[in-house]
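Listed here are the chains, written in short residue letters.
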Amino acid sequence: MTFSTAAGRFRIFALAEAISWAGLLLGMFFKYVVVQNEIGVKIFGPIHGVVFLGFVLVTLMAKEPLKWDGRTLALGLFSSIPPFGTVIFERWASRTGRLDETATAPAPEQP
């Protein structure tokens, strides 16, 4: 995974968004169930917010280079709402070739 390609940026943010969701859910568990202390939510809430916005931006920016249609873009954006949905979408997009950079590269010119 690398930041130099649209697919790489998308994969990194999809994973980061899922991890930040896990941290936020864990913080809420401790806040409401275990110790009634909101430090976990205070830490992971802003982190998740920033990563969520980054994921939305990276997803919008991936539409053109990856040649996504409107349906794929909408699914990608929607995947950020349920916990861990970004990882599910990323795996589906990889499996169906929607994150394949070589398929989106222009064909070499023939002499």
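Q: Even after reading the chapter, I still don't get unusual backbone geometry, so can you show me in this structure?
A: A negative phi angle is the norm for most residues apart from glycine, just as the trans form is the norm for most peptide bonds. The phi dihedral of K67 is positive, around 55°, even though this residue is not glycine. Within the chain, F84 stands out as a residue other than glycine whose phi angle is a positive 65°. Take F84: it is sitting in the loop between α3 (70-78) and α4 (85-95). Overall, F84 belongs to the partly exposed group, its relative accessible area being 35%.

Q: Sorry, what's going on with the side chain of S80 here?
A: The topology assignment puts S80 in the loop between α3 and α4. At 2.7 Å, the side chain of S80 and the backbone oxygen of L77 are in polar contact. If we skip the residues at most four places from it in the chain, S80 touches E17, W21, F52, F55, V56 and T86.

Q: Would you mind going over the nonpolar core with me for this structure?
A: Side chains of nonpolar character tend, in soluble globular proteins, to be buried together. If you look at the biggest cluster of nonpolar residues, it comprises twelve residues: A6, A7, F10, A14, F55, V58, A62, L66, W68, F89, A93 and L99. Of all the secondary structure elements, the ones that give two or more residues to this core are α1 (6-34), α2 (39-62) and α4. Here the element with the most residues in this core is α1; it accounts for four residues. Other than its neighbours up to four places away in sequence, A7 contacts L66, L99 and E101.

Q: Looking at this structure, I do not really get the packing of α1 against α4. What am I missing?
A: A packed helix pair is summarised by two numbers, namely the angle formed by the two axes and the spacing between the axes. Running from N to C, α1 and α4 point in directions that differ by 150°, and their axes come no closer than 8 Å. Our classification of the angle between α1 and α4 gives roughly antiparallel. Together, F10, R11, A14, E17 and A18 of α1 and T86, V87, F89, E90 and S94 of α4 make up the contact between the two elements.

Q: Would you explain the environment of V56 in this entry?
A: Structurally, V56 is set in helix α2. Sequence-distant contacts of V56, that is, excluding residues within four places in its chain, are made with L77 and S80.

Q: What am I meant to see in α2 here?
A: Spacing of three or four residues puts side chains on the same side of an α-helix, whose turn is 3.6 residues. Relative to the 34 Å expected for 24 residues at 1.5 Å per residue, α2 spans 35 Å between its end C-alpha atoms, a close match to the ideal helical length. Those residues of α2 that sit buried are G40, H48, V51, G54, F55, V58, T59 and A62. Those residues of α2 that are buried are in contact with α1, α3 and α4.

Q: Honestly, the pattern of salt bridges in this entry has me stumped. Any pointers?
A: Opposite charge on two side chains permits them to pair, given that their charged atoms come into close proximity. Scanning all chains against the criterion turns up three salt bridges. For K42, the salt bridge is made with E38, and the minimal N-O distance between the two is 3.6 Å. Owing to a relative accessible area of 54%, K42 belongs among the exposed residues under this scheme. Each of K31, E38 and K42 takes part in one network of salt bridges that share partners.

Scoring rules and cut-offs
Residues numbered from 1 in each chain as written. Predicted model: local features only at pLDDT ≥ 70, side-chain atom pairs only at ≥ 80, totals over all residues. Heavy atoms only, no water. Helix = DSSP H or I, 4+ residues; strand = E, 2+ residues; numbered from the N terminus. Buried < 20%, exposed > 50% of the residue type's maximum accessible area, 1.4 Å probe, protein only. Polar contact = N/O pair within 3.5 Å; in protein donor to acceptor, adjacent residues only side chain to side chain. Contact = heavy atoms within 4.5 Å. Core = buried A, V, L, I, M, F, W, Y, C linked by side-chain atoms within 4.5 Å. Axes fitted to C-alpha atoms, helices over the stretch in contact; angles between N-to-C directions. Parallel < 35°, antiparallel > 145°, perpendicular 65-115°, else oblique. Expected span 1.5 Å × (residues − 1). Salt bridge = Lys/Arg side-chain N within 4 Å of Asp/Glu carboxyl O.

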